[in-house]
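# Chains, contacts and geometry: an overview
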Amino acid sequence: MDNDSNLKLWYKQPAGKWVEALPVGNGSLGAMVFGKVQQERIQLNEDSVWYGGPADRENPDASRYLGEVRRLMFEGRPAEAEYLARMAMSGTPKHIAPYQTLGDLNLYTAAGASGAISEYVRELDLATGIAAVAYRMNGSKFRREVFASTVHQVLVIRLEAEGAERLTLSANVTRRPFEGKTAAWGTDGAVMSGQCGPDGVTFGTVLKAVPEGGSVQVIGDFVSVEGAASVTFYVAAATSFRHADPVAVGRARVEAAAARGYAAVRDAHTAEHRAIFERVSLELGDPSGVQPLALLPTDERLRRMQGGQEDQGLIALFFQYGRYLLMASSRPGTLPANLQGIWNESHTPPWESDYHLNINLQMNYWPAEVCNLAECHEPVFDLLDRLRENGSKTARSMYGASGFVAHHATNVWADTDIVGLYVPAVFWPMGGAWLSLHLWEHYRYGLDHSFLAERAYPTLKEAARFFLDFLVEDAAGRLVTVPSLSPENSYRLDNGNVGCLAIGPSMDSQIIHALLTACIEASGILGIDADFSARLAQTLERLPAPNIGKHGQLMEWADDYEEVEPGHRHISHLFALHPGEQITPQHTPQLAQAARTTLERRLANGGGHTGWSRAWIINFWARLQEADFAYDNLLALISHAVHPNLFGDHPPFQIDANFGGTAAVAEMLLQSQQGEIQLLPALPQAWGSGQVTGLRARGGCEVDIAWRDGRLVEAVLHAKHAGVCAIRSEQPLSVRDAAGASMEVQAGDAMYRFAVEAGSRYFVRLQP
Ligand code: FUC
């Protein structure tokens, strides 16, 4: 097997633990490949396998007690407000049910087919999306390949023997302890069907074997293959979430793929996968130092890095792995990537493996636009359509407000009520608003006018409308959210009372600021809703502005309360720095300094201890253009917060660290907030030379950047739309067009502006 590439995870032994197995996925169907020789386990997932059905959980007493909760808050009695809110506002019933495993595909090698194993290699090739296992036994070579095809909507498992040995094995699908029914399907297949709880989805998993040479039969609910030179298993799964008859859909998919045959299905898969994956390439550091390390197994590289040794290739691999994981867990028509993407082996996973809306789901999608995977963002927009529908009922019944609201967590059914009783997290009406901003980001990168008109603006507007009704005036005349909280932190009042529930937490004001600003801009572009826009502008004026507190920090709440946990993992009040852009070092230097103080305080008090928290910190440092701090935290992330298969570790496994980390690497190389492109804004010393291609900038262009010894060599801008390109640079720039002619550049205040045409390329260099 060829391992001289930095686009492969590879190992010399089978996976022991689940977090050593290698993930494949097509957005909906996922699998974890263990690579065990005698009894292979391929753990299966389907994105809509969640326990239980949709539920109307609105607390019938919420609107009756809303005024009372607010009064207690304004009287400085948060503990009493919380006591009441738990009864009066939390959903009925309290919890949402989990995302669950679909089961396991097991391959059992026949008795007698054993021997000494040598030259064992297990790998995942990010460029092809194929997991492979190879080894020698009894003088024969064995090879397996596993991939999840988006084109054919099947999981394909291919086993081959080369030499005297033949393949004799049996296969079945299981789902301990909730299997439902298992049965033979014809003479070469098996079906498992069942239901996820009394009112949950029904599912169907279908398996079919196609051997070459040898024979196949069904014994019990096993598919048994004897004496084959190779065998291809096709697996499909569906649920009633999308299909009336999941088993029929599964059978049709498996039949269609088998009819095409292994080679054709594989070719279609790799072509489709490459077309998306290869949009972006990344090389960090000098290739002569980086390439030899790719010859080491991934777990060994990880151990080296944990021991303090540098490995820029491993960072590039981690970056590309994040892109791979998003492709594998989120495609047009699927559900969004949840807390574990789509990979979950449990019936009771941590945090239900749900969609947390107070950082986690948003972080999952930070790499989508900049890392050139815009279509992978679409499942979020579909979820938003459903949140908007459910959330308008919740807004009306709980808060007497128009528009829509979603709280801190949701599920497959787009639940918008308050989830659970954990006060520091749940009473937070901002989840829908924050997620809606992803529509605006998608527009800003792609400039698709009809997407803005038809998809983005209508939802942004409903998200904004909610706050026109929900915000209340505080004693200082500001418009604030209440009850709400700063996820998931608490504060101390001067009277000694500790509270989570808060009046006007800074993150809320910052999210609302971003939302209203987006709405105003969007309505301007679309030329509609001038009156509504004017109302939003008035509201905007009255939001609490980001403010600096007694430690020189950015204040986490509207008032400068003492923080109970200054090292808290959430750093919500820096939303305005990232992913927001209300604060930038160039435009608001004092606030940027305060944000820096906040970060330093968090880190000095033990912050960054969860994977996602560390990933966010890297993004913050990148926005503050502190390249080496960003790099140190990136090293901390990869060496302390990933599993052997490079899955992010909260702990436990949570995928947001992968996506947040990937976005952070991009953020170090290219930024485009505030209408200004910045090339290499946070390039650490360790990345002296390198190149990246295919990143996207807001304003509709793709950017390739090459650098040497820490300095820009050349950036190529591929303009997708006509307009004016604005680059911020402290060093003088010159720009040429594709024909090599100097462009007319308007320069001043460290900004370089030039007109671009759709479909043209522009070459940017430092002036000699
Ligand atoms: C948020 C975080 C936790 C965890 C959970 C899924 O509530 O505070 O750390 O990531 O989401």
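Reference entry: report on the structure contained in this document. (Residues numbered from 1 in each chain as written. Predicted model: local features only at pLDDT ≥ 70, side-chain atom pairs only at ≥ 80, totals over all residues. Heavy atoms only, no water.)

A few words now on the pairing of strand β16 (residues 230-239). Both faces of the sheet carry side chains from a regular strand, because those side chains alternate between them. Within β16, ten of the ten residues are buried, which leaves it mostly tucked inside the rest of the structure. The pairing of strand β9 (residues 154-162) with β16 spans six bridges and is antiparallel. Counted as the bridge partner of Ile157 is Phe233 from β16. Judged from the ten bridges that link them, strand β13 (residues 202-212) and β16 form a sheet pairing that is antiparallel. (Buried < 20%, exposed > 50% of the residue type's maximum accessible area, 1.4 Å probe, protein only. Helix = DSSP H or I, 4+ residues; strand = E, 2+ residues; numbered from the N terminus. Pairing = 2+ DSSP bridges.)

With that out of the way, let us pick up the pattern of salt bridges. Enumeration over the complete set of coordinates arrives at 45 salt bridges. Among the ionic pairs, Arg41 bridges to Glu345, the shortest N-O distance being 3.0 Å. With Arg41 in strand β4 (residues 39-46) and Glu345 in the loop between α7 (312-329) and β18 (355-356), this pair connects stretches of sequence that are 304 residues apart. Between Arg465 and Glu462 there is a salt bridge whose closest N-O contact spans 3.2 Å. Here Glu462 and Arg465 lie together in helix α13 (residues 449-470), a separation of three residues that amounts to about one turn. With a relative accessible area of 27%, Arg465 lands in the partly exposed category. (Salt bridge = Lys/Arg side-chain N within 4 Å of Asp/Glu carboxyl O.)

Counting 238 residues, the largest nonpolar core has Met89, Leu155, Phe233, Trp687 and Leu717 as its most contacted members. The greatest single-element share of this core, amounting to twelve residues, is contributed by α7. Every residue in contact with Leu155, bar those within four places of it in the chain, is listed here: Val24, Leu29, Ala31, Ile42, Leu44, Val146, Phe147, Ala148, Phe233, Tyr234 and Val235. With 15 residues, the next largest nonpolar core counts Phe147, Ala236, Val254 and Ala258 among its residues. (Core = buried A, V, L, I, M, F, W, Y, C linked by side-chain atoms within 4.5 Å. Contact = heavy atoms within 4.5 Å.)

Our focus in this paragraph is empty space enclosed by the protein. This model, assessed by the stated rule, comprises five cavities of 30 Å³ or more. Here the largest cavity is characterised by a volume of approximately 160 Å³. Forming the walls of the largest cavity are 16 residues, and the residues nearest its centre are Val37, Thr109, Tyr135, Phe142 and Leu167. Secondary-structure elements contributing two or more residues to the lining of the largest cavity are β5 (103-109), β7 (130-137), β8 (140-149) and β10 (167-174). Among the elements that line the lining of the largest cavity, the one with the most residues is β10, at three residues. For the lining of the largest cavity, the residue count by class is nine nonpolar, three polar and four charged. Space inside the second largest cavity adds up to approximately 70 Å³. Around the second largest cavity sit 14 residues that line it, and Gly25, Ala148, His269, His273 and Arg331 are the ones nearest its centre. For the lining of the second largest cavity, the secondary-structure elements that each account for two or more residues are β2 (22-25), β8, α4 (262-277) and α7. Of the residues in the lining of the second largest cavity, the class split is six nonpolar, six polar and two charged. (1 Å grid on protein atoms, 1.4 Å probe; cavity = no way out; pocket = protein on both sides within 12 Å on 5 of 7 lines; lining within 4 Å. Points joined across faces, edges and corners; volume = space filled by probe spheres on them. Nonpolar A, V, L, I, M, F, W, Y, C, P; charged D, E, K, R; others polar.)

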